[in-house]
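Observations on the model geometry
What follows is the residue order along each chain.
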Amino acid sequence: MVEEILSREDHRRYSLSQNELERRWKAVRERMAAKGISHLVVQSQQRFVGGYWRWFTDLAGTNYHSTAVFPLDEDMTLIGHGAPAPATPATPPDWAMRGVKERINTPAFPNVWWEDAWDAEKAVEVIKRKKPNAVGLVGLGNMSAALYEHLKKGLQGVNVINATDLVDEVRMVKSEEEIKLHRDAAYLHEMSLGVARKAIRPGRTVGEVAEEIRHAQVLAGSEEQQIIITFGQPGAAHDTQTSWGNTVVRRTLRERDIVNILIESSAAGGYWYDLRRFFCIGSVPPELQEAHAIVKEARNILAANLKPGVVPGVALEACDAFLKSKGCPPESRVAGHGQGLDLVERPVIRPEETAKLQVGMVLSMHPTAKTKYAASSLADTYVIENSGAVPLYRNLYDDNDLIVVG
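Because the structure is predicted, anything quoted here is derived from the model rather than measured.

A few points about the sheet that holds strand β17 (residues 388-391)
In spatial order, the strands read β12-β11-β13-β16-β17; together these five strands make up an open sheet with antiparallel pairing. Of all the strands in the sheet, the pair left with one neighbour each is β12 (345-348) and β17. Between one strand axis and the next, the sheet turns by 40 degrees as a mean value, whatever way the strands run. In this sheet, strand β16 (residues 380-385) lies alongside strand β13 (residues 362-365) in antiparallel orientation, the contact comprising four bridges. Directly across from S364, in β16, lies its bridge partner T381.

Observations concerning the nonpolar core
Counting residues in each nonpolar core, the largest one holds 34 residues, and the members touching the most others are I200, I213, I229, L253, V259, I261 and F279. Going through the elements one at a time, α7 (176-199), α8 (206-219), β7 (224-232), β9 (258-266), β10 (272-281) and β18 (403-405) are the ones with two or more residues in this core. A per-element tally of this core places α7 first, with seven residues. Excluding anything up to four places from it in sequence, F279 contacts L193, A196, R197, I200, D257, I258, V259, I261, I403 and V405. Counting residues in hydrophobic clusters, the runner-up holds 30 residues, among them L16, V42, L166 and L341.

Some thoughts on the packing of aromatic side chains
According to the stated counting rule, one finds six aromatic pairs in the structure shown. Between the aromatic rings of W114 and W118, the centroid separation amounts to 6.0 Å while the plane-to-plane angle is 70 degrees, which identifies the pairing as edge-to-face. You can call W114 exposed: its relative accessible area is 54%. What makes W118 partly exposed here is its relative accessible area of 27%.

Some thoughts on unusual backbone geometry
The omega torsion of the bond from A85 to P86 falls at 15 degrees, within 30 degrees of zero and hence cis. Checked against the element boundaries, P86 lands in the loop between β3 (76-81) and β4 (100-106). Put simply, R346 and P347 share a cis peptide bond, and its omega is 0 degrees. Within the secondary structure, P347 sits in strand β12.

The rules behind these values
- Residues numbered from 1 in each chain as written.
- Predicted model: local features only at pLDDT ≥ 70, side-chain atom pairs only at ≥ 80, totals over all residues.
- Heavy atoms only, no water.
- Pairing = 2+ DSSP bridges.
- Helix = DSSP H or I, 4+ residues; strand = E, 2+ residues; numbered from the N terminus.
- Axes fitted to C-alpha atoms, helices over the stretch in contact; angles between N-to-C directions.
- Core = buried A, V, L, I, M, F, W, Y, C linked by side-chain atoms within 4.5 Å.
- Buried < 20%, exposed > 50% of the residue type's maximum accessible area, 1.4 Å probe, protein only.
- Contact = heavy atoms within 4.5 Å.
- Phe/Tyr/Trp six-rings, centres within 6.5 Å; stacked < 30°, edge-to-face > 60°.

This is the structure in structure tokens:
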């Protein structure tokens, strides 16, 4: 056991503690037993969207689908891409396994339709070794239609249900270890803001700025980097470039440009922070200064009303009332959301969210103030305490003024 732990630590930037994993498994199994669920099935289809899978396994997603069967009364079975039996399963590697009874590899590719059933058939075989009661599917939004369809086909006569809410009950409230990992992500973003201050200047492209930030994050141990930069002259249409895809804005930064930068990256361990700040090259337009003052107050109102025991819509109503009193429209998309191993998790700050807030939940908040002449938004990550939502990292939160560069 000690050698396995040491090997895992040698291979990884960060290895979640065994106590943390067992805390999750125990809490989920208690809820499974109460609802008569014998197995859960969870899938990751890519590296970037693998939160439920990673939450159960402490394994990042891969470029192909990875599936876990989580039984009520024994360890998991993992189904991943690789050479099938009689070859020895190679993925995930031995040293990474915890709480895993069996690995099964299939050579299935997600874009080859006639292989669609292979992973589901293996999952059905595992589930049917014991007479299943209800089988719960976790994270249908991250699960392929192929897995869902062939699980239902192979488990005829078995009650197959959406059990995501059962897992969310545990997942939404973060442990001390998880909050520390979020804090590590905050330090990463504080460093990134310092890089941005130096990188944003006339004559450079926003692609160069984003790559400079991303490179610094990778060297600092970041696992995933998402950077979006919107820029342009006051009162004119703005351009946007992201850190993925092949969109390249060739126009260079100029004097008087307003630069809106959103940095959402995960640190070692896979937990995220959400940072949005505005940069002004040369001077601050008074119209933007007005909108920025409104949004700073809006986020204070939002944070103060995100208290344990209430649904997020209560805080949203208070924030929207303030925005409208300033002549701004209410939030039209989302004012914030939970964060963890996924960039976006529940609870979501929208009227439809039913989950009540609890101490220890981690949320990103990003209200927007739109006046007649300008718009401003701020994003930071918070932790729910008895008094409301408090900044995860006060030093970064307080560094929220419009930044003059150039």
